[in-house]
Amino acid sequence: MNPKRTELLRGTLDLLILKALALEPLHGVGISRRVTQITQGAFEVSFGSLFPSLHRMEEKGWVAAEWGASENNRRAKYYRLTASGRAQLKVEERDWNLLVKIMTAAVESA
Amino acid sequence: MPGRIVSLFRNLLRRNAVEQLLDDELQSSIELLTEEKMNEGLSHTEARRLALIELGGVEQVRTKVREVRLGRLLGDFAADMRFTARQLRKNPGFTTIAVLSLALGIGASTAVFSLVNAILLRSLPVPNPQQLRVLRWTGNEVRMTSLNELGDTQGTHMSAHAMTHPAFLDLREQGATLADVFGFAPIDVTARVRNESFAATGVMVSDNFFSALAVRLLLGRPLNAGEDFSGSSVSVVISYDWWERYFGHDPAILGHTLMLNGNGYTVVGVLPPDFTGVVPGDPSGFYVPMSAQSPFLYRPLAERFHWFVRVMARLMPGASDAQLRAALDVAFAREASPIMRDPKILLEPGFRGLAVKSNNYRKPLLLMQSVVGLVLLVACVNLAGLIAARGAARQHELAVRVALGSGQWRIIRQSFTESLVLASIGGGLGIMLSIWGKAALSRLFAGSPDGLHYDLSLDLKVLCFGVVTVLVTALVTGLLPALQVGQVNPIAGLRSRGAIGAPRLSVGKALVISQICISMLLLTCAGLYTRTLINLMRVDLGFNTEKLLLLRVSPGGAGYDPARRTSFYAQVQDSLSAIPGGRGASFLGYPPLGNLGWSGGFFFRDSSTGYAEKMQSDRLAVGETFFDVMGIPILQGRGFSSADAKDAPRVIVVNEALVQQYSPDRNPVGRIVHILTDDWRIVGVCRDVKYFNLREAPRPIVYYPFRQISFGATMGSNFKTAYFALRTSMPPMSLLTAARKAVADVDSNIPIDYVATQESLRDENMGQERLFAVLCESLAGLAMLLCCIGLYGLMAYHVARRTPEFATRIALGAGRRDITNPILGEVLQLTAAGFVLGLAGALGFTRLIKSQLYGVVPNDPLTLIGSGALLAAVAVLTAWLPALRAARVNPIDALRNE
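Treat the numbers as computed from the prediction; the structure is a model and nothing was measured.

Visitor: Mind showing me how you'd approach the overall build of chain A here?
Guide: Looking only at helices and strands, chain A features four helices and three strands. Order of helices (α) and strands (β) in chain A, N terminus to C terminus: α-β-α-α-β-β-α. For chain A, with 110 residues in total, the buried portion stands at 44%. Carbon and sulfur atoms form 55% of the exposed surface of chain A, whose accessible area is close to 6,500 Å².

Visitor: Would you take a moment to explain the interface of chain A and chain B for this structure?
Guide: Often, the extent of an interface is quoted as the loss of accessible area on bringing the components together. On the side of chain B, 24 residues touch chain A, which itself brings 19 residues to the contact. For the chain A and chain B pair, buried surface summed over both sides reaches about 2,100 Å², with 56% attributable to carbon and sulfur atoms. Applying the counting rule to chain A against chain B returns five salt bridges. The salt bridge partner of A:K77 is B:E25, with a shortest N-O separation of 3.5 Å. Only α2 (28-38), α3 (47-60) and β3 (75-81) of chain A provide two or more residues apiece to the side of chain A that touches chain B. Ranked by residue count, the leading element in the side of chain A that touches chain B is α3(A), at seven residues. Grouping the constituent residues of the side of chain A that touches chain B by class yields seven nonpolar, five polar and seven charged.

Visitor: For this particular structure, what's the right way to read the sheet that holds strand β1 (residues 26-27) of chain A?
Guide: The pairing of strands in a sheet comes from backbone hydrogen bonds and takes either a parallel or an antiparallel form. All names here are of chain A. The strand order across the open sheet built from three strands is β1-β3-β2, with neighbouring strands paired in antiparallel fashion. Of all strands in the sheet, those with a lone pairing partner are β1 and β2 (63-69), marking the two edges. Alignment of β1 against β3, held across two bridges, turns out to be antiparallel. Bridge pairing in β3 places H27 opposite Y78. Relative to β3, helix α1 (residues 12-21) is tilted by about 100 degrees, and along the sheet it contacts β1, β2 and β3. The strands touched by α3 within the sheet are β2 and β3, with β3 carrying the most contacts at an inclination of about 55 degrees.

Visitor: Can you walk me through helix α4 (residues 83-109) of chain A in this structure?
Guide: Residues that lie three or four places apart on an α-helix share one face, since the helix turns once every 3.6 residues. Residues and elements named next belong to chain A. Taking 1.5 Å per residue as the helical rise, α4 with its 27 residues ought to reach 39 Å, and the 39 Å between its terminal C-alpha atoms agrees with that figure. All of the buried residues along α4 are G85, Q88, L89 and E92. Along its buried surface, α4 packs onto α1 and β3.

Rules of the game
- Residue positions are counted from 1 within each chain, in the order its sequence is given.
- Working convention: letters from A go to chains and numbers from 1 go to ligands, in the order in which they are written.
- Two thresholds apply to this predicted model, a pLDDT of at least 70 for residue-level local features and 80 or more for giving and counting side-chain atom pairs, whereas whole-chain, interface and lining totals are computed over all residues.
- As a rule here, side-chain values come from all non-hydrogen atoms in the structure, and water together with hydrogens is ignored.
- What counts as a helix is a DSSP run of H or I of at least four residues, what counts as a strand is a run of E of at least two, and both are numbered from the N terminus.
- Note on classification: 1.4 Å probe, protein chains only; a residue is buried when its accessible area is under 20% of the maximum for its type, exposed when over 50%, partly exposed between these limits.
- With residues, only the protein chains shown are counted as cover, and all accessible areas are computed by Shrake-Rupley using a 1.4 Å probe.
- Here, two residues are considered to be in contact whenever any of their heavy atoms come within 4.5 Å of each other.
- The quantity reported as buried area is the accessible area (1.4 Å probe) lost by two parts once they are put together, taken as the sum for both.
- Here a salt bridge means any side-chain nitrogen of Lys or Arg lying within 4 Å of a carboxyl oxygen belonging to Asp or Glu.
- Under the grouping applied here, Gly and all other residues not named as nonpolar or charged are polar, the nonpolar ones being Ala, Val, Leu, Ile, Met, Phe, Trp, Tyr, Cys and Pro and the charged ones Asp, Glu, Lys and Arg.
- Note on pairing: two strands pair once DSSP finds at least 2 bridges between them.
- For helices, the fitted line uses only the C-alpha atoms of the stretch in contact; every axis is such a line through C-alpha atoms, and the angle between N-to-C directions lies from 0 to 180 degrees.
- Each residue after the first adds 1.5 Å to the expected span of a helix.

Here it is, written out as structure tokens:
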């Protein structure tokens, strides 16, 4: 397991984080691992991008955070999706699908 | 949104707590990572090392998180300021123009507002000024013998403030349960303090004057209750100004005696510094009781035909205006019904005191405030245009910033920062300018070097006005450029390095049109006022105004009783007439064009009407030489002669207007007229002249020989001071020394205390017109200058944007005119559009100033066309330079740059 570090496009990261949190609340490291997992190892999110994004999303009200205990009983800050976060996830998913469709069509037309 | 506000505060106020939480989170993450690595079998040290590497440095992550937080706004603001400062330093020309135009606009607005504040808004410095009322009466068909006020007359309706003393007492008693009614009457005296004599203005007041106003004295006591009737009270309360000026803040002032018209008065109190009286603009130095024995009364207090007491009231809590009016109406009707119909009391707001003078300033002040506002608007619009044009030239830079991920909001904010900085610098300068400017304005307004007697100090209201003006200016100025910048298209902007990709400035055109429109408005006003001024200067007064010296002497305050004044004046007249180089002198009760006068009723003996028929005229006491000295022709009968002496039959001369109005069918010469208590025979009719002021239509005037008047009979004929006209054969001022000597020969204790020439009086009489002409001209000049800058900026931008097009056309053989003409044509189009809009505005606006114009109609076509032509000429001249530059484009250079 040695995923290549790929620069994430701005915006894509938000979508991935929201998607990662859709199932259950996670702490920062957990989110990073979940993203790697759901992208089948293609993306490894750097913490330098992850934390600013999380804090921005917290201020926007998409995610809420609280302190809890990890599986090994360590204190960790857990993030969970709020209602507006779920709505945002839907919007970003739709936008992404649209973009993919357009880009695919464009690339294949040549 | 509330969540965001909460985070903003959390970020700003609890910075440390937030940082702490972030640290905790990062620490916990490191531990989680370490644990993960240790689970893979690494030692703790190795696992922690790898964890730190994977996190990418605690400090770096912390900085990045900080950047996305809301508190960053402040940091951004600082960055915007730095960028703006750099930007402004790079363009010193632009910055200077911007700051100066805003400084002038904001400074002028604030200066005018200081006057508006002082004259129209400021309350008397007493508790609860909103409870104060000023009483005014109105009546129909008023027959009045002596009113010590000009009053307002509309048709047969008359309205004034002054009342008789018995009426005041009646009102005071009638309203006692609803309000504290107090009275006062201004008096002029000659005062002597510590052997220094000077003319002074003070007030006679009722005993409850200070208690009703609730003024707290600085020292001593107010006048005692009942002190106005005790009859012998010699108490005086003096103003802070007097205490400072004549007593040097002497703490032992109480009990000191000062002389008022030769009568000793004892100081019992000193007023606080901010209390300058209840008549704003007319400071009073002292307050004496309105007592029955007061030496300042011309007639006994109890007389019912001498109207001179001004009345105010403090409404008690819970009492309403309607209740008070109802109560006072009853009392006033009792007093006034014998001499008028429908007597009524009106209550005016009294928080500013008896603000008659202030109200006269209201219209000019508000007009000035709006005109100044217009100029500020031009300055804003103009600056907005300049910034927009510059912003357009910065398309490339902006496109780069957008392409690099700068948010639109971020760029808009940057643009607002720029206008805010400009407005703040301009505003700061402007407020400083206004401090100097308001003094100048006050002098201009008062028409004298002393300026207005109002407190013009900078207070919170003025400062707030200044700050709000700055903010509004920033908003108006920044809005347009911000909108434009917000629409930057990175692709188009990046495609070319020059301004070619810049959008057409359709808003810029609208801006220039609106500036031309406003300039047009101001130019029209300036033109109308200037023509008014010229017309007034050309007014034919009806008498010879050349080489006429006017003098004033005031024996009344220097111990001359009324009887001795007549002979004193006669001696002065003789003495002045004998001056070599002089060509006669005459006594004048009131100065020509002084807006001062005395009027009253009369009736013809040979008709049975008596005073019932309202016949009113101005009354002017003159010397027997008057008609010769002034050059006023006698049309019928004779003028006065030295035979009309004190004991000779009493005679008067009337003017044409009086004859036309009151004796159109009968030969007036020989008719007997009853005035006050005497009969007078009309011996002549003279031509109408504009004696009292420049604008008036001729009004009925009765001329008396001053020797035949029993001085002191009424206030109007008191003549404590009198004027003399001296006709000269050389420049009038050169005879001043001789005139001084002539007066001193009669009594060396009485100086000439006022000197004027007919020309200087005329100038004074036109003070307000001159004020407006000067103001409008300078403001119109300023607006035009701004307009030129704006137009130049727009055209220069236009030319820069289209340089390649011009280059191509020149390369294809276009001549110079082919390039310049369309550009100048466009300018003319803009000017024409602005002219039409401005014309519409001017037609509406100038109607407001109709009452101030003379000899010119508000929509005077000459002025309108002249303003338009001037604007067009200036616009074309301004556009000439950019047009010429366009025509001189070198096609090879220009096209190579593409």
